[in-house]
Amino acid sequence: MQQLAKHPGGRVNFTETKTLSVLDQPVVSSGELIYSPPDRLEKNTLKPVPESLVIRGNDLTVVRDGVKRQLRLPQYPEVLAFVEALRGTLVGNRSLLEQHYALALSGTERDWRLVLTPLDDRMKRWVKQIKVQGSDKGLSTVETLQADGDKSVIAITPDAR
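Calculation criteria
- Residues numbered from 1 in each chain as written.
- Predicted model: local features only at pLDDT ≥ 70, side-chain atom pairs only at ≥ 80, totals over all residues.
- Heavy atoms only, no water.
- Helix = DSSP H or I, 4+ residues; strand = E, 2+ residues; numbered from the N terminus.
- Rg over C-alpha atoms; globule rule 2.2 N^0.38 Å.
- Buried < 20%, exposed > 50% of the residue type's maximum accessible area, 1.4 Å probe, protein only.
- Areas by Shrake-Rupley, 256 points an atom, 1.4 Å probe, with all protein chains shown as cover.
- Salt bridge = Lys/Arg side-chain N within 4 Å of Asp/Glu carboxyl O.
- Core = buried A, V, L, I, M, F, W, Y, C linked by side-chain atoms within 4.5 Å.
- Pairing = 2+ DSSP bridges.
- Axes fitted to C-alpha atoms, helices over the stretch in contact; angles between N-to-C directions.

**Some points on the overall build of the protein chain**
Of the regular secondary structure elements, the protein chain holds four helices and 11 strands. Taken over the C-alpha trace, the protein chain has a radius of gyration of 15 Å; the compact-globule value for 161 residues is 15 Å, and the two agree within 12%. Overall, the C-alpha framework of the protein chain stretches about 40 × 40 × 35 Å when taken along its three principal axes. A burial count over the protein chain gives 39% of its 161 residues as buried. Taken as a whole, the protein chain presents about 9600 Å² of accessible surface, with 52% of it coming from carbon and sulfur.

And the structure:
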């Protein structure tokens, strides 16, 4: 986690595969993730439907179909806990992660895995576990297992620009 704390931020590409019990086929989307330490995270989905999610501090802005919505994350503790899982991992902030999750870290500096299990009952209603994999160069996958059995896997690759 100390190596992640030294990460200056940047831009990566992602492919997200959502497996939902109500659908016969997984839903695949792709785009870019932009992280600016310590608390700005942007997810720009480019395919199949453009969408922008920008988190800055405790504010979440979503733009989809030209409609902009804003949320204050403290009003949605389950969303805030998920956001803190990503930000806490990206900045290597163990104490932030431990406010919301039981942590299980395994592997080596070059190939590590962090399993986050929610502590809060409200969060447990939505998320069973978040599994983050990475190396000394950053994150490679984020897998979210929902309490209802649905799953999201975000594969992260370096930006080729």
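**Focus: the pattern of salt bridges**
Going through the model one piece at a time under the given rule, you end up with eight salt bridges. Across the pair R87 and E84 runs a salt bridge, and its minimum N-O distance is 3.2 Å. Of this pair, R87 and E84 both sit in helix α2 (residues 77-90), three residues apart, which is roughly one turn of that helix. Classification of R87 by relative accessible area gives buried; the value is 4%. Residue classification places E84 among the buried residues on the basis of a relative accessible area of 11%.

**Side note on the nonpolar core**
If you look at the biggest cluster of nonpolar residues, it comprises 27 residues, and the most contacted ones within it are Y101, L116, I130, V132, L139 and V142. Those elements that provide at least two residues to this core are β2 (27-36), β5 (59-64), α2, β8 (111-118), β9 (127-135), β10 (138-146) and β11 (151-158). Here this core takes six residues from α2, the largest share from any one element.

**Observations concerning the sheet that holds β9**
The antiparallel open sheet is built from 11 strands, whose spatial order is β6-β5-β4-β3-β2-β1-β11-β10-β9-β8-β7. Across the chains shown, the open sheet's two edge strands, defined by having one partner strand only, are β6 (67-72) and β7 (101-108). Strand after strand, the sheet turns through a mean of 15° between neighbouring axes, direction not considered. As judged from the eight bridges shared by β9 and β10, these two strands associate in the antiparallel manner. If you follow V127 over to β10, its bridge partner there is Q146.

**Observations regarding the pairing of β7**
Bridging between β7 and β8 involves eight bridges; their strand directions are antiparallel. Of the residues in β8, the one forming a bridge with Y101 is P118. Where β7 hands over to β8, the hairpin turn is made up of two residues, counted between the paired strands.

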